[in-house]
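Commentary on secondary and tertiary structure
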Amino acid sequence: MIHDFMRKPRFAELNIGALAGSITGSIGGLFAPAIPPAIAERDPAALVSLPILGVICFIISGALGWIIGGQIGPVLGRAFRQPRAEVIGGALGGLIPVIVVMLWAWYMMQH
């Protein structure tokens, strides 16, 4: 019999880490493609210059944040035995697709 604390989280399982990852990923993904041009142009108004791409990244980063945060969050929560660690792990998992989108946008801006 596998105890609950030894169980690995299932794929796309509903948990607090997945929720935190989804929130972080979706909100970050909304602005991620426009952050490198806004920094390069030193214009905060450029953050809303790519609305369609922002919505596409909102959906994709939110879904990936749910999956990644749902895997990382419970592992950290069990390791530290704190529910806050699960939330922080989920949020860090949600940042992964946001960082990937920002790096992609920076690469596309350079080339």
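For the structure itself, look to the data block above.
This text gives an overview of the structure that appears in the document. Since this is a predicted model, take the numbers as computed values, not measurements.

Here is what the cut-offs are and how they apply
- Residues numbered from 1 in each chain as written.
- Predicted model: local features only at pLDDT ≥ 70, side-chain atom pairs only at ≥ 80, totals over all residues.
- Heavy atoms only, no water.
- Helix = DSSP H or I, 4+ residues; strand = E, 2+ residues; numbered from the N terminus.
- Buried < 20%, exposed > 50% of the residue type's maximum accessible area, 1.4 Å probe, protein only.
- Contact = heavy atoms within 4.5 Å.
- Axes fitted to C-alpha atoms, helices over the stretch in contact; angles between N-to-C directions.
- Parallel < 35°, antiparallel > 145°, perpendicular 65-115°, else oblique.
- Left-handed = near helix turned anticlockwise from the far one by under 90°.

Mapped onto the secondary structure, P9 falls in the segment before α1 (16-31). You can call P9 buried: its relative accessible area is 9%. In this view, P9 contacts G70, Q71, P74, V75 and R78; residues no more than four positions away in its chain are not counted.

We now examine the packing of α1 against helix α3 (residues 51-80). Where α1 meets α3, the axes come as close as 6 Å, and the angle between the chain directions of the two elements is 155°. Classified by the interaxial angle, the pair formed by α1 and α3 is roughly antiparallel. Regarding α1 and α3, the two cross each other, and that crossing is right-handed. Contacts between α1 and α3 involve G17, A18, L19, G21, S22, G25, S26, I27, G29 and L30 on the former and, on the latter, G54, V55, C57, F58, S61, G62, G65, W66, G69, G70 and G73.

All right, on to the environment of A18 then. Position of A18 relative to the elements: it lies in helix α1. A relative accessible area of 0% places A18 in the buried class. Those residues in contact with A18, other than ones at most four positions away along the chain, are E13, G65, W66, G69 and G70.

Of note, V75 is situated in helix α3. Taking the C-alpha atoms as reference points, V75 and E86, 11 residues apart in sequence, are found 7.4 Å from one another.

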